[in-house]
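Residue-level listing of the chains:
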Amino acid sequence: MAKIVFPNLRVFSIVFVTLCALLAAPEVFGQKFGYITTEFILSKIPEYQEAQGEVNQLAVQWQSEIQGMQQEIDALHSALKAEEVLLTAEMRRERGEAIQQKEQTLKEYQQKVFGFEGLHHLKKQELIKPILDQVFEAVEKVSEENKLQIMFDKSGDLSMIYTNPIHDYTDYVLDELGLGEREDTIR
């Protein structure tokens, strides 16, 4: 078996490391980024406002139903407490079970409406997700056109202490969505 020997291993190592650094440098140092203000973009989309209004109206309606059910349960508790001394043990037990059944029904309804994968969530998905998908497609297109590797959302949970307006791509996304010029600025 032939052994490959480099005359100067140190020179080879330096050349190899330098070559690797040069090849990796554009990936490390050449990343472009930008940010958008999704809240502002969504505020300019009339369909989003309508969908959000419909979801909010349904939520108020469902919350009203839940409050009505809770008031009924509270009234049953008050009636039981007021009549407790007049009732037999069997009657108290029956009324208590009826109240517990209504409380269980209320909990199930709350879960059905506002729980994970509940009616509220499903309605939001149905009405708002298609609009958000349009925005994300526009963001993706703007990112590709401007060769951005990272796009931040300024209106999200991400804390941005300082943002240079030259990195704000909100206008580009609005243009991509066909929503025209930005009238006021959020920076």
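Given the structure is predicted, the values throughout are model-derived calculations rather than measurements.

### Here we look at the environment of Leu177
Logical step 1: Tracing the sequence through the fold places Leu177 in the segment after α6 (170-176).
Logical step 2: On a C-alpha basis, the gap between Leu177 and Val139 in space is 9.4 Å, while along the polypeptide they are 38 residues apart.
Logical step 3: Once residues within four sequence positions are removed from consideration, Leu177 is found in contact with Ile41, Ile45, Gln134, Val135 and Ala138.

### Quick word on the side chain of Ser143
Logical step 1: Examined against the element boundaries, Ser143 turns out to sit in helix α5 (residues 119-145).
Logical step 2: Among residues more than four places away in sequence, those in contact with Ser143 are Leu148 and Met151.

### Examining the pattern of salt bridges
Oppositely charged side chains can pair when the atoms bearing their charge come close.
Logical step 1: Scanning all chains against the criterion turns up 7 salt bridges.
Logical step 2: Put simply, Glu90 and Arg93 hold a salt bridge, and the shortest N to O gap is 2.3 Å. With a gap of 3 residues between them, Glu90 and Arg93 both fall in helix α4 (residues 89-114), about one helical turn apart.
Logical step 3: Residue Arg93 is classed as partly exposed on the basis of its relative accessible area, which comes to 39%.
Logical step 4: Close ionic contact of Glu97 with Arg93 constitutes a salt bridge, the shortest N to O distance being 2.6 Å. A residue pair is termed a helical-turn pair when its members lie 3 or 4 positions apart in one helix, as Glu97 and Arg93 do in helix α4 at 4 residues.
Logical step 5: Classification of Glu97 as partly exposed rests on a relative accessible area of 41%.
Logical step 6: Residues joined in a network through salt bridges with shared partners are Glu90, Arg93 and Glu97.

### Focus on the packing of helix α3 (residues 46-83) against α4
A pair of packed helices is characterised by two quantities: the angle between their axes and the separation of those axes.
Logical step 1: Following both chains from N to C, one finds α3 and α4 inclined at 165°, their axes separated by 10 Å at the closest point. Of the possible angle classes, the one that applies to α3 and α4 is roughly antiparallel. Between α3 and α4 lies a crossing whose hand is left-handed.
Logical step 2: When its residues are assigned to classes, the contact of α3 with α4 shows 13 nonpolar, 6 polar and 7 charged.

### As for the packing of α3 against α5
Logical step 1: Packing of α3 against α5 leaves a shortest axis separation of 9 Å and a crossing angle of 175°. By the angle class used here, α3 and α5 are roughly antiparallel. Taken together, the residues of α5 that come into contact with α3 (itself represented by Glu47, Tyr48, Ala51, Gln52, Glu54, Val55, Leu58, Ala59 and Trp62) are Leu119, His120, Lys123, Lys124, Leu127, Ile128 and Ile131.
Logical step 2: Considered class by class, the residues forming the contact of α3 with α5 number 10 nonpolar, 2 polar and 4 charged.

### Remarks on the packing of aromatic side chains
Logical step 1: As enumerated under the stated definition, the model contains 3 aromatic pairs in all.
Logical step 2: The interplanar angle of 75° and the centroid separation of 6.3 Å between the aromatic rings of Phe33 and Phe152 together place this pair among those described as edge-to-face. One end of the pair, Phe33, is in strand β1 (residues 33-36); the other, Phe152, is in strand β2 (residues 150-153), with 119 residues separating them in the sequence.
Logical step 3: Taking the centre distance of 6.3 Å and the plane angle of 85° together, the rings of Trp62 and Phe114 count as edge-to-face. Of this pair, Trp62 sits in helix α3 while Phe114 sits in helix α4, and the two are 52 residues apart along the sequence.
Logical step 4: Residue classification places Phe114 among the partly exposed positions, given a relative accessible area of 36%.

Basis of the calculations
Residues numbered from 1 in each chain as written. Predicted model: local features only at pLDDT ≥ 70, side-chain atom pairs only at ≥ 80, totals over all residues. Heavy atoms only, no water. Helix = DSSP H or I, 4+ residues; strand = E, 2+ residues; numbered from the N terminus. Contact = heavy atoms within 4.5 Å. Salt bridge = Lys/Arg side-chain N within 4 Å of Asp/Glu carboxyl O. Buried < 20%, exposed > 50% of the residue type's maximum accessible area, 1.4 Å probe, protein only. Axes fitted to C-alpha atoms, helices over the stretch in contact; angles between N-to-C directions. Parallel < 35°, antiparallel > 145°, perpendicular 65-115°, else oblique. Left-handed = near helix turned anticlockwise from the far one by under 90°. Nonpolar A, V, L, I, M, F, W, Y, C, P; charged D, E, K, R; others polar. Phe/Tyr/Trp six-rings, centres within 6.5 Å; stacked < 30°, edge-to-face > 60°.

These figures capture arrangement, not role.
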